[in-house]
Amino acid sequence: MSPSSARPTLVTDVARSPHARLLPVPVGRVGLEGELWGRRGEAHLLASLHQQWEQLEATGRLENFRRVSGRSERPYAGRVFNDSDLYKWLEGASWALARGPRPDLARLVDQGIALVEGAQQPDGYLDSYYSLERAGERWTNLRDNHELYCAGHLLQAAVAHRRATGSDRLLRVATRVADLLCAEFGPPGSGRRPGIDGHQEVEMALLELYRETGAERYLALARHFLESRGHGLLAGGWFGRAYFQDRAPFREMDRWEGHAVRAMYYACGLTDLYLETGDRPLLDNLGRLFTRMVSRQIYVSGGVGSRHDGEAFGEDFELPNAQAYTETCAAIGSAMWCHRMLLATGEARYADLFEWTLYNAILPGWSLDGLSYLYVNPLEDGGGHRRQHWYDCSCCPPNLARTVASLPGYLYATEGEAIWVHHYAQGTADVDLGGRTVSLTQRTRYPWDGRIELVVNGQGEFALHLRIPAWCAEGASLTVNGERVGPPPAPGTYAVLGRRWRPGDRVQLELPMPVRHLEAHPWVAEDVGRVAVTRGPLLYCLEGVDHPGAVLRDLAVDPARPLSAAWEPEWLGGVVVLRGEGRAHPLPAAWEGRLYRPAGAGPTAAPRPVPITAVPYHAWGNRAAGPMQVWLRRG
Ligand SMILES: [Zn+2]
């Protein structure tokens, strides 16, 4: 679609945030053509939003709102935080409306808003679980029951809807809720109640509402909630304080711990607080936690939160494959944090992780038809882990919808007289730069191909910053109008092209994408003796369906025998497949019926050559059920 027809909408509006380095180019100014990142098209997004609406209805989530307004006699249905699924859906649908007119979707959005309006209490309170029969129990279990978490998602939905449509309708509801929170909660001595929510979310939501309205009280309340954490307000319960990141104040934390989605949403709120206040030690500690996370706590996919127990970060290097939890929402939270850190610092490492996480930890959670999802994302599976159309606890599907719907807002940014290109995808952008509009056209088949042509339609002097991904170890090459510029830009940085531009100038960026084998730190026990296969920004895996008769655990690849890449338009909706020769190491018969034996005993069987076919990890689980493996035996 053309970007000019849509409403310019910032997902994270740091236009007046005094400590933001970069200002994103709004959703409505960026058009994605052909393949949307990772092959998810506009049609799939809309199909997904409609399918999710049907699930919200079928599972009683919408009925919960109707019963509060007296239009239903049915009992409350589902989890205590089910309201948040409608709010996340409204946010996603709003970003979709910012990308272009969608009358059918707009009608559903209006229906959803009417349900929310109808459930608001006279004093502004809104939570369908704590209305009616539980009205006397408000604010009695902030640790476990997500009351402020749900309110946070309402605030985010309202901000998105206002930005996308210009309507104040949902924002009026949300500001009444936020004002009630301001009246209820506050620091000691304020006469208001103490308390923070067990699940972070309301913090970044209040900060975005502050950006939208300019009302300082929302900033103050967000700061109060963030600074109240780590002092034992969430003590007790099954998991202990670390689960809630309440074991120590943030400034004393030296690693992420506990529930991964909470941790990442906490990180978003803290980064938002820095963007508004310039609290440098806060940013410095966020940077240290990021460094520790990417060097000890993250999967090769970019997924975080390895433990099923508590949906939590494990110990350093505790990264099991079949037992990987890596909730889709945790990856989304990590990407949202990367986005904020990028806006604050302009450091390429945050855009690098955003990209890697998007392709390899977020998109795996969404089926190729957009209609089913993964909540848990193992890196190895025997064939039993399958996608579902919905979940009892269904946080991930609407989280995917709001993320994918807002993707155009993550590609570009400006900084004074400079345009930053963070990500590569076929499409166009109209960038406001110092009172003029610069139109950019990207022609590329990225992520399948590393050639990117950027046509710059703008006049005068400005700089173009182009991200050279950290994975591009072979070195990028860069030309303007066919002439090579400067020394080869270093991977993991932004190449800066400062010049006087003329309309139609052509920038060509070449990012070589050889097949690469990665190995893990020796302390990641499950990956010892194994390699993972990547190409460009994509992680690959083997699926049993491509290796009939083989046992994936017995298959090995040799980094010295590179796999070759081939575009397969008929596979998985069109993907680059990697093929080559591997080896099967058949299990010696001596192991039959044994689990252990004296080390070094017995002969090993000779390997035999076998054809290997690797597919992008984000596309796994879309065909017949069967084994899947990311980390492959080496040899
Ligand atoms: Zn989730």
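Residues numbered from 1 in each chain as written. Predicted model: local features only at pLDDT ≥ 70, side-chain atom pairs only at ≥ 80, totals over all residues. Heavy atoms only, no water.

**Some remarks on the overall build of the chain**
Of the regular secondary structure elements, the chain holds 13 helices and 24 strands. The globule rule puts the C-alpha radius of gyration for 635 residues at 26 Å, and the 25 Å found for the chain is close to it. Along the first, second and third principal axes, the C-alpha atoms of the chain reach 75 × 70 × 45 Å. The buried share among the 635 residues of the chain stands at 62%. For the chain, contacts bridging at least 24 residues in sequence account for 69% of all contacts bridging at least 6. Taking the 68 positively charged and 73 negatively charged side chains of the chain as two groups, their mean positions are separated by 2 Å. (Helix = DSSP H or I, 4+ residues; strand = E, 2+ residues; numbered from the N terminus. Rg over C-alpha atoms; globule rule 2.2 N^0.38 Å. Buried < 20%, exposed > 50% of the residue type's maximum accessible area, 1.4 Å probe, protein only. Contact = heavy atoms within 4.5 Å. Lys, Arg positive; Asp, Glu negative; His and termini not counted. Charge placed at Lys NZ, Arg CZ, Asp CG, Glu CD.)

**Regarding the nonpolar core**
When a protein is soluble and globular, its nonpolar side chains tend to lie buried together. In this structure, Trp 89 and Trp 256 are the most contacted members of the largest nonpolar core, which totals 218 residues. If sequence neighbours within four positions are ignored, Trp 89 has contacts with Leu 49, Gln 52, Trp 53, Leu 56, Leu 105, Leu 108, Val 109 and Pro 398. (Core = buried A, V, L, I, M, F, W, Y, C linked by side-chain atoms within 4.5 Å.)

**Quick look at the domain arrangement of the chain**
As assigned here, the chain comprises domain 1 (34-228), domain 2 (240-409), domain 3 (414-510) and domain 4 (515-634). Placing a centre on the C-alpha atoms of domain 1 and another on those of domain 4 gives a separation of 44 Å. (Domains from an automatic or database assignment.)

**Things to note about the sheet that holds strand β6 (residues 412-415)**
Ordered by their spatial adjacency, five strands build an open sheet running β1-β6-β7-β11-β14, and the pairing between neighbours is mixed. Two strands in the sheet have a free side with no partner beyond their single neighbour: β1 (23-24) and β14 (493-501). Pairing of strand β7 (residues 418-421) with strand β11 (residues 460-468) involves four bridges; the strand directions are parallel. Bridging from a neighbouring strand, Ile 419 pairs with Leu 464 of β11. (Pairing = 2+ DSSP bridges.)

**Describing the coordination of the zinc ion**
The zinc ion binds to the protein through Glu 327 (OE), Cys 329 (SG), Cys 395 (SG) and Cys 396 (SG), with metal-donor distances spanning 2.1 to 2.3 Å. Coordination at the zinc ion is tetrahedral: its four donor atoms span angles of 93 to 119° at the metal. Taken in chain order, the donor set of the zinc ion reads E-x1-C-x65-C-C. Of this pair, Glu 327 sits in the loop between β4 (312-313) and α11 (328-345) while Cys 396 sits in helix α13 (residues 396-405), and the two are 69 residues apart along the sequence. The exposure class of Glu 327 is buried, given its relative accessible area of 4%. By relative accessible area, which is 0% here, Cys 396 ends up buried. (Donors = N, O, S within 2.8 Å, 3.2 Å for Na, K, Ca; no water. Tetrahedral: all angles 85-135°; square planar, octahedral: opposite > 155°, others 65-115°.)

**Some remarks on the packing of aromatic side chains**
To describe a pair of aromatic rings, one takes the distance between the centres and the angle between the planes. Scanning the entire structure with this criterion turns up 24 aromatic pairs. Ring centres of Trp 53 and Trp 89 lie 4.8 Å apart, and the angle between their planes is 50°; this geometry places the pair in the tilted category. Within this pair, whereas Trp 53 is found in helix α1 (residues 42-58), its partner Trp 89 is found in helix α3 (residues 83-98), the two being separated by 36 residues in sequence. Considered together, Trp 53 and Trp 89 belong to a single accessibility category, that of buried residues. One aromatic cluster is present, formed by Phe 250, Trp 256, Tyr 266, Phe 290, Trp 337 and Tyr 350 through successive ring pairs. The lysine or arginine in question, Arg 138, covers the ring of Tyr 125, its NZ or CZ lying 3.9 Å from the ring centre. Stacked on the ring of Trp 571, the Lys or Arg Arg 579 has its end atom at 5.3 Å from the ring centre. (Phe/Tyr/Trp six-rings, centres within 6.5 Å; stacked < 30°, edge-to-face > 60°. Lys NZ or Arg CZ within 6 Å of the ring centre and 35° of its normal.)

**Quick look at the sheet that holds strand β8 (residues 427-433)**
With antiparallel pairing, seven strands are arranged side by side in an open sheet as β2-β8-β9-β10-β15-β12-β13. Every other strand in the sheet has two partners, leaving β2 (30-32) and β13 (483-484) as the edge strands with one partner each. Sheet analysis places strand β9 (residues 436-444) next to strand β10 (residues 451-457), joined by six bridges and oriented antiparallel. Bridge pairing in β10 links Thr 441 to Val 455.

**As for helix α7 (residues 202-213)**
A rise of 1.5 Å per residue sets the reference length of α7, with its twelve residues, at 16 Å; its end C-alpha atoms lie 16 Å apart and thus fit the reference within 8%. Counting buried positions along α7 yields eleven of twelve residues, so the element is predominantly enclosed. Within the sequence span of α7, burial applies to Val 202, Glu 203, Met 204, Ala 205, Leu 206, Leu 207, Glu 208, Leu 209, Tyr 210, Arg 211 and Glu 212. Structurally, α7 contributes buried residues whose contacts are with α5 (147-165), α6 (169-184), α8 (216-228), α9 (260-277) and α11. (Expected span 1.5 Å × (residues − 1).)

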